[in-house]
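The lines below spell out each chain.
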Amino acid sequence: NLAFQTATGGVQIESSNTNNFTYSYSTTGTTSAHMVVTFKADKRDVYDITFTADTLGSFVRNEFRNSVLNDTDAGTFTRTPAH
């Protein structure tokens, strides 16, 4: 899970491990966005996001290691609104 804590940073939560990250986010259309999550210089994930509702959507994630595409995943998400 990714938890976005500031406008440019957050933490990835995996089991009992956490990894800090920085990110950039930009809208690409009325229901789409592009996001780059950087964990460290040689590890980043690039997301193409499509919103199907205000807090729901789907994504394609390209995982890069040492600037080389390592894996591609697709899935759905639920965004928790900020309180």
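One can find the structure itself at the top, above this paragraph.
First things first, this report covers the structure right here in the doc. (Residues numbered from 1 in each chain as written. Predicted model: local features only at pLDDT ≥ 70, side-chain atom pairs only at ≥ 80, totals over all residues. Heavy atoms only, no water.)

Now for the overall build of the chain. The helix and strand tally for the chain stands at zero helices and seven strands. Overall, the chain shows an N-to-C arrangement of helices and strands of β-β-β-β-β-β-β. The principal-axis extent of the C-alpha atoms belonging to the chain is close to 35 × 30 × 20 Å. Here the chain holds 83 residues, and the buried ones make up 24% of them. Long-range pairs, those at least 24 residues apart, make up 10% of the contacts in the chain with a sequence separation of at least 6. Of the accessible surface of the chain, which amounts to about 5,600 Å², a share of 50% is contributed by carbon and sulfur atoms. The distance from the centre of the 6 positive side-chain charges to the centre of the 8 negative ones in the chain is 4 Å. (Helix = DSSP H or I, 4+ residues; strand = E, 2+ residues; numbered from the N terminus. Buried < 20%, exposed > 50% of the residue type's maximum accessible area, 1.4 Å probe, protein only. Contact = heavy atoms within 4.5 Å. Areas by Shrake-Rupley, 256 points an atom, 1.4 Å probe, with all protein chains shown as cover. Lys, Arg positive; Asp, Glu negative; His and termini not counted. Charge placed at Lys NZ, Arg CZ, Asp CG, Glu CD.)

What follows is about the layout of surface pockets. Empty pockets left among the atoms are what a rolling probe the size of a water molecule brings to light. Approximately 810 Å³ is the volume attributed to the largest pocket. Lining the largest pocket are 20 residues; nearest its centre among them are Leu2, Phe4, Phe77, Thr78 and Arg79. The leading source of residues in the lining of the largest pocket is strand E5 (residues 43-51), at four residues. Its residues assigned to classes, the lining of the largest pocket shows 12 nonpolar, five polar and three charged. (1 Å grid on protein atoms, 1.4 Å probe; cavity = no way out; pocket = protein on both sides within 12 Å on 5 of 7 lines; lining within 4 Å. Points joined across faces, edges and corners; volume = space filled by probe spheres on them. Nonpolar A, V, L, I, M, F, W, Y, C, P; charged D, E, K, R; others polar.)

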